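Chains, contacts and geometry: an overview
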Amino acid sequence: MFNTLQIWAFRDILRRPFESLLLAVTLTFAIATVGTLLLFPRAVYDTLTVVLKATPSIILRQVDPTGWRPLPIRESVQAATSVIGVVSVRPRIWGMVNGPDGPLTVMGVQQEGLPEILADPLTRLPAKGQAIVGWGIASHDPAGTLPLEGAIRQTYQVIHRLPEQTSMFTHDLVLLNPLDAQQLIGLPQGYASDLAIDVFHEDEQDAILSDLTAAFPWPVRCVTRRQSAGIYAGGFNRGRALGAITMIPAVLAMCLLVAVNTRKSMGRQSDLGIMKAMGWTTGDIIRLHLYRDLFVCLPSVALGSCLCFFLVYGPGADGLAGFFLGWDTLPPRLYLETKGAVTVLLEVAGVMVAPVMASALLPALKAATADVHELIEGAGRR
Amino acid sequence: MMQVTYDRLDKAGYGLWAITLVTVLACVVITLLSLDTCRDARQITQRAIQTLALTTPTIIPSGRALRNADTVKPAIDLRHSPHLPLIHFSPEDLVISSLKPETGDIRSND
Amino acid sequence: MNSKITCRNLSVAFSGENSRTRSVLDNINVTFPAGKMNIITGPIGAGKSTLLHTMAGLTRPTSGEVVVNDQAVSRWSGAHRDQWRRQAGIIFQHCHLLHELTVLENIMLPLIPLGHTVSHCRSQSIAALKQVALFHHAGRLANSLSGGERQKTAIARALVTQPHFIFADEPTAHMDAENSRQMMELLYHCTGRNAVVIVATHESILNRLPGPALCYRLENGALNHLTD
Amino acid sequence: MFWHPLLLAIISAQIVALLLLLAGSLTSLNTALHWQPLSADSRQLSLEARAEGVSIQGRAAFWLSVFSAVLLVFGITNIFAEDIPGAMCGTGVCQAMSPRGSTQLLLYTGLLLLLMQLWHEMDKLNRMLVEMPLTDITARLFLVIPAVAVLTLKQTYASFAGIRPHQPVDCCAVVYDQFTTLKHAKSILGLGDAFWISAFIVLSLALFSLSVALRTSMVDRPGIRGLHAIISCLWLPVASLTLVNIFSAYHYEVLHHHCPWCLFLPEHRLVGYPLYGALYVIGMEGFTLFMLPRLANQDITVYKKALDRCRRAANRITFAQLLFLIIAILPAIVWRLHYGVWMSG
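Residues numbered from 1 in each chain as written. Chains lettered and ligands numbered in written order. Predicted model: local features only at pLDDT ≥ 70, side-chain atom pairs only at ≥ 80, totals over all residues. Heavy atoms only, no water.

**Things to note about the pattern of salt bridges**
A full pass over the atoms with the stated rule returns 32 salt bridges over all chains. For C:R122, the salt bridge is made with B:D7, and the minimal N-O distance between the two is 2.8 Å. Within this pair, whereas C:R122 is found in helix α4 (residues 118-131), its partner B:D7 is found in the segment before α1 (9-35), the two belonging to separate chains. With its nearest N and O atoms 3.2 Å apart, the salt bridge here joins C:E219 to C:R217. Looking at C:E219, the relative accessible area reads 33%, which means it is partly exposed. Judged by relative accessible area, C:R217 falls into the partly exposed class, the value being 21%. Ionic contacts of the salt-bridge type, sharing partners, join the residues A:D12, A:R15, A:R16, A:D271, A:R292 and C:E100 into one network. (Salt bridge = Lys/Arg side-chain N within 4 Å of Asp/Glu carboxyl O. Helix = DSSP H or I, 4+ residues; strand = E, 2+ residues; numbered from the N terminus. Buried < 20%, exposed > 50% of the residue type's maximum accessible area, 1.4 Å probe, protein only.)

**Let's talk about helix α9 (residues 222-252) of chain D**
All names here are of chain D. Over its 31 residues, α9 extends 42 Å from the first C-alpha to the last, a length consistent with the 45 Å expected when each residue adds 1.5 Å. Residue L243 marks the point of greatest curvature in α9, where the axis turns by about 45°. Immediately beyond the C-terminal end of α9, within one or two residues, lies E253, with a positive phi of roughly 60°. (Expected span 1.5 Å × (residues − 1). Bend = angle between axes of the 7 residues up to and from the residue.)

**Some remarks on helix α6 (residues 177-192) of chain C**
Look at α6(C): 23 Å from first C-alpha to last across 16 residues, which is about the 22 Å you get at 1.5 Å a residue. For α6(C), every residue scored as buried is listed here: C:N179, C:S180, C:M183, C:M184, C:L186, C:L187, C:Y188, C:C190 and C:T191.

**Some points on the pairing of strand β4 (residues 86-99) of chain A**
Residues and elements named next belong to chain A. For β4, the tally of buried residues reaches eleven of 14 residues, placing the bulk of the element in the interior. Of the strand pairs in this sheet, β4 and strand β5 (residues 102-108) are connected by seven bridges, and their pairing is antiparallel. The residue of β5 that forms the bridge with G99 is G102. Linkage of β4 to β5, two consecutive antiparallel strands, is achieved through a turn of two residues. (Pairing = 2+ DSSP bridges.)

**Considerations on the sheet that holds strand β9 (residues 213-219) of chain C**
Residues and elements named next belong to chain C. Spatially, the six strands line up as an open sheet ordered β6-β7-β8-β3-β9-β10, and their pairing is mixed. The sheet terminates laterally at β6 (88-91) and β10 (222-225), the two strands that pair on one side only. For this sheet, the mean angle separating the axes of adjacent strands, direction not counted, is 20°. When strand β3 (residues 37-41) meets β9, the two strands line up parallel, connected through five bridges. (Axes fitted to C-alpha atoms, helices over the stretch in contact; angles between N-to-C directions.)

**Observations regarding the domain arrangement of chain D**
Residues and elements named next belong to chain D. On domain assignment, one finds that chain D holds domain 1 (5-172) and domain 2 (178-339). The gap between the C-alpha centroids of domain 1 and domain 2 is 24 Å. Tallying the contact residues gives 24 residues for domain 1 and 24 residues for domain 2. Interface area, domain 1 with domain 2, both sides summed: about 2200 Å², of which 75% is carbon and sulfur. On the domain 1 side of the contact with domain 2, L114, L118 and L125 bury the most area, a combined 22% of that side's loss. Our count for the contact surface shared by domain 1 and domain 2 stands at one salt bridge. Put simply, E121 and R309 hold a salt bridge, and the shortest N to O gap is 2.6 Å. There are four residue pairs in polar contact (both at pLDDT 80 or more) connecting domain 1 and domain 2. If you list the elements that add at least two residues to the side of domain 1 that touches domain 2, you get α2 (42-79), α3 (90-97) and α4 (99-128). Considering every element that reaches the side of domain 1 that touches domain 2, the biggest residue donor is α4, with ten residues. (Domains from an automatic or database assignment. Contact = heavy atoms within 4.5 Å. Buried area = accessible area lost by both parts, 1.4 Å probe. Polar contact = N/O pair within 3.5 Å; in protein donor to acceptor, adjacent residues only side chain to side chain.)

**Thoughts on the environment of A:G134**
Residue and element names in this part refer to chain A. One can find G134 in the loop between β6 (130-133) and β7 (145-149). The spatial distance from the C-alpha of G134 to the C-alpha of G319 is 20 Å, given a sequence separation of 185 residues. In contact with G134, other than residues within four places in its own chain, are R161, L162, T170, H171 and L173.

**Describing the state of the cysteines**
Summed over the entire model, instances satisfying the criterion amount to zero disulfides over all chains. Here A:C306 stays unpaired: no disulfide links it, and the sulfur of B:C27, its closest cysteine neighbor, is 8.5 Å away. On the basis of relative accessible area, A:C306 is assigned to the buried category, the value being 12%. (Disulfide = S-S within 2.5 Å.)

Here you go:
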């Protein structure tokens, strides 16, 4: 399976096994760190991209010069449904209030039926004075009550928790009876925070906006699903780019170490001179060093990638999410999307592996193209 | 009888097999982790989103500007949360803060 | 085919201290034929090693050419010059063995890139080691050998591929008389298969040569033909 | 400014390639001015040694440029769109860059690859022979490349710096706003689909025949090479236009969606990569086939090697053309067999 040159390359590694082992360990952890830093936000983003497809096509809000305004439910639903292409219009009652330990998102649940998947834990909708809470909201009261402060101060009885798997969207959510929610947020009766609109065809989202805006007698602003997804993607990728930029000095330092190490280890350059004098061509020497570096880098890349997959998608995900986002109670369910994983692999290859391989190969290349006599003279002076 | 060897090329050959094995094992682990893509969690989340008409993920805590990134412009709306303190927003808050409301460190200006 | 190696207006100069160039070889014109022992003598520092290295393609001339079978090999581009070196066996004055390798591995070095199997390389190297009567040291590390043993290893390494051109720089400097004679006989044996053998050595060895030779003297950058 | 880790990888690859090119330029200038192959003096020998170094640097720069171009296309087609609200494919990314910026970026990248490919082929030919007889010509060609590399790098930065990540784009509008009426949508440059299909068939047959003739011919045929170059120059734009305006409908299964970039999306089985890859190969190999013998006609040995390379180029063009035809036309034929009519009626 292995040819003589490959076996010789491994024999060459055995000449200085500890240096190679040290390089392999360093590279493994560096790839694991860099890979995790790039893959984790990418995985969060991929997960969001997938689940965001289930969100309403358009969110419509009323605006005035000071910002958002509550919408009158009846008129706005009428106006929105009059637009051709609109499939469903749902007024949403939501806002932020103070919880016992910080702000929470409150939502009034209006629909008649709950899907089966949620129905199991939620046997009934919250009645007046009751609340269903997300996984991240701890109830300090042993009786299971939750004090909230908005337009009014009120304590609610916690009757259920939302499924843990949905934490990506419901972690800090408090579901209340719509009347309770309106009171708490301070919305007048018959008013909603905004409208969730679904359109017939995905590609019509953008085209329908002008019709929607025209259908309302007051100024409105629409945000499409695609725009929301773009906002998150932009943030994540800018964050990843900044991460990559901050890693550049570390990668450069590592490249320098590798280059110096390579120079020292094989680069008792006289060895190369002797090999050339013995009939090794430049191509043979490059191949030898390519194999040498591959035998160190390949297991390191595989192990490093394995470690970063373990941290992002595997059992290590809890710890990592806790570290990065403080998701102590939220084991994130990140999904692997092939495109995202391939992109990260390419980025790691571009940012880490290529420079390291280049820094290992360049001294070899330099030596291989230098005058043989000069290389051997170096040995004479040694 | 043990064969006398005058070189270490056989040993190098075994070493090559060892690193091949390590690489293959790592690839197998990656493949196994890739296969487990938490499809059930994805479905249940999507159902919850559809039912409750949710739009914003909770990766950033409540009360933060980016928690509802699509509402940030033209102004951060305080009308939906008129009784919240004004949030002092800073990047380090984002990095170090917790999603968990009970540990979330929200500084207010007032 | 009768090979020959020719130096045509060959000059080599090295840049020394204070950016001064030091001329080592000056306009040398000579042809070394195959099938004969060619001996180059001269005082220490006369440039014997430089001449051998230039002919073997280890260094580029400052001007002039090294012509092998009507091809100016010294002006070939890198990849082609590498190929030319495969036809040459080189014995260095300072042996230049790879110290962390065993004796057998050192001798295998020229065979590795030729694409043979490990067992073929091993058997050919053992045969070369037996030729220089050093098989009993095959498994020792090169840095544990004595000076003479190192030179024998270097000779075995140069001859293991049975090259057409052999450049030997002081091949017997650290050997006793008996071992020197044996090694020179080995080199003479190579002329029998029509190889071009060029040996740079001290004049003292001329009296103890086991056979006829073409002798040259290198002094002040010029190469002069002595009597056969 | 638009930030993405992939963009960093592209720009860093371009910078390293440019540094390598600049490092080799000085020697190339000296070679172009003082190359005297018949002399064996110290200056000539020193130039010969340094020219070998330039060859290695140039090759490294060539592969880095190819790598960065591939990353650029991959980024524009599949990655950057996700950061730009409203962008669904490369059209949205190009729209965000401004049409002029994106066109210039693609043109400069293509021109750089074209020149570097030609230099690379010349250099390969040069290194095949021990005397390196084409060194002075390759050195002159090499001197042109850094200028284009600087322009490409500058344009890459300028194009991406012009993107406002929060400003939504509408790439469908760009595609559909190209034509105001249905009649307009059914024609290319005022000529109907039938004309373009006929032109495509005729030119494809001509290109195929000429490539096969060049592949099999044992003697030098400069006339056929010239004709091949002309047909290639005509075939490439015609093939691109018919692909985007006519054949793509069968990939999208939608009429008049004249978007070249959507072909690269996974929804359309990434067919853009083999299709435009084949066009790239035909363009590059056609250029090599035409230029190489012209530049390498000083020496009979090197000319023969150049002709061998031309035969290989003709071979590659044939295979690339077959690949293009199969991938481009097969969905249309399947549609016709399945539904009994062409999509356009």
